[in-house]
Amino acid sequence: MERIGVIGGGTMGAGIAEVAAKAGSSVLVLERDADAAAAAQARIEKSIARGVKAGKLSQEDADAAVARITLTTDIGEFADRELVIEAAPEIESLKTDFFAKLDAIVSPETILATNTSSIPVIKMANATQNPGRVVGVHFFNPVPVMPLVEIVVSLKTDREVADRMHAFARDVLGKRTIEAKDQAGFIVNALLIPYIVSAIRMYESGFASAEDIDEGMVSGCAHPMGPLRLADTVGLDICLAVAESLYAEFRQEQYAPPVLLRRLVDAGFLGRKTGRGFYTY
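Scoring rules and cut-offs
Residues numbered from 1 in each chain as written. Predicted model: local features only at pLDDT ≥ 70, side-chain atom pairs only at ≥ 80, totals over all residues. Heavy atoms only, no water. Salt bridge = Lys/Arg side-chain N within 4 Å of Asp/Glu carboxyl O. Buried < 20%, exposed > 50% of the residue type's maximum accessible area, 1.4 Å probe, protein only. UniProt positions renumbered as here; feature names shortened; annotations may be inferred. Helix = DSSP H or I, 4+ residues; strand = E, 2+ residues; numbered from the N terminus. Axes fitted to C-alpha atoms, helices over the stretch in contact; angles between N-to-C directions. Parallel < 35°, antiparallel > 145°, perpendicular 65-115°, else oblique. Left-handed = near helix turned anticlockwise from the far one by under 90°. Contact = heavy atoms within 4.5 Å. Nonpolar A, V, L, I, M, F, W, Y, C, P; charged D, E, K, R; others polar. Domains from an automatic or database assignment. Polar contact = N/O pair within 3.5 Å; in protein donor to acceptor, adjacent residues only side chain to side chain. Core = buried A, V, L, I, M, F, W, Y, C linked by side-chain atoms within 4.5 Å.

As a further point, take the pattern of salt bridges. This model, assessed by the stated rule, comprises 17 salt bridges. The closest approach of N and O atoms between arginine 81 and aspartate 80, which form a salt bridge, is 3.0 Å. Among the residues examined, arginine 81 registers a relative accessible area of 7% and is labelled buried. The closest approach of N and O atoms between aspartate 171 and arginine 170, which form a salt bridge, is 3.4 Å. Accessibility expressed as a relative area gives 57% for aspartate 171, which makes it exposed. Salt bridges sharing common partners tie together Arg3, Asp80, Arg81 and Glu82.

Here you go:
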């Protein structure tokens, strides 16, 4: 699969495009308008430049990777893609709409993948005429750095499709892969979000400061980052969306999003990407 499409050039989409281009693939990225496309291009180039500055990439390889990435606002240009990875915001109706459109545009052999972090893959698969070719490929932020990809297999995903995605992520992109069944949150977020939610409730109650909660888990449990700073890094809007999805799926109190998390998202304080969350950046 050398011709890759990515739906969305935000933080996750840009990262996916970057790692695919650095691996030698031709990458086409869809954005909603010219301004968003320009912002996505700048985001990708800035990240690749950081790799050069850190000595992880030569300038020649960086230039070649940038040259392999094309931005577009026309989904019709995805007709020749062999793999399309959707990285749109965590809005079910938006994602299913993209899958329905892609299903009518790409060839029958094209794999359609979703980077959703919480929405069941079957929802996107059912928006297509061929749900067997739809699979989850959940990358982690920042994509160029984090080594893991979760391959999520719905009840309708063809085994060959899942195997091809394992091979692509592992052998082409150089990632490690794990496989999960199609339940909200998959493996990582089903374990991570209750932990983050518990930390938010502890902070919300006044039991301890954000700094002390995080320091407790870093110095006491050898975690590389505390739960509140991790939530800021993931994005509080993403944490909220995943918590809501988990609670809707399982109806267990441990998944219910705290009021403070909702209010921070309502205020637009989404963490690192907006400069303010539980901390100020």
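In this structure's numbering, the residues bearing the UniProt feature "domain: 3-hydroxyacyl-CoA dehydrogenase C-terminal" (unreviewed entry) are residues 185-281. As annotated, residues 185-281 comprises 62% helix and 0% strand, and the C-alpha atoms at either end are separated by 28 Å.

Take the packing of helix 7 (residues 188-204) against helix 8 (residues 210-221) next. Where helix 7 meets helix 8, the closest approach of the two axes is 9 Å, and the angle between their N-to-C directions is 140 degrees. The orientation of helix 7 relative to helix 8 falls into the category oblique. Read as a crossing pair, helix 7 and helix 8 show a hand that is right-handed. Seen from helix 7, the contacting residues are Tyr195, Ala199, Met202 and Tyr203; seen from helix 8, they are Ala210, Ile213 and Met217. Classifying every residue of the contact of helix 7 with helix 8 gives seven nonpolar, no polar and no charged.

Let's shift gears to the domain arrangement of the protein chain. Per the domain assignment, the segments making up the protein chain are domain 1 (3-181) and domain 2 (188-272). Taken over C-alpha atoms, the centre of domain 1 sits 26 Å from the centre of domain 2. The partner domain 2 presents eight residues to the 11 residues of domain 1 that form the contact. Inspection of the domain 1/domain 2 interface yields zero salt bridges. Counting the contacts that link domain 1 with domain 2 gives four residue pairs in polar contact (both at pLDDT 80 or more). Grouping the constituent residues of the side of domain 1 that touches domain 2 by class yields five nonpolar, four polar and two charged.

This part covers the UniProt feature "domain: 3-hydroxyacyl-CoA dehydrogenase NAD binding" (unreviewed entry) in the protein chain. The positions UniProt marks with the feature "domain: 3-hydroxyacyl-CoA dehydrogenase NAD binding" (unreviewed entry) are residues 4-182. Between the end C-alpha atoms of residues 4-182 the distance is 24 Å, and the span holds 41% helix and 22% strand.

Let's shift gears to the nonpolar core. Judged by nonpolar contacts, the single largest core of 38 residues is most densely connected at Val27, Leu83, Val137, Phe139 and Met165. When residues no more than four places from it in sequence are discounted, the contact partners of methionine 165 are Met1, Leu83, Ile111, Val135, Val137 and Ile151. Within the second largest apolar cluster, 20 residues are counted, among which are Leu28, Ala88, Val121 and Val134.

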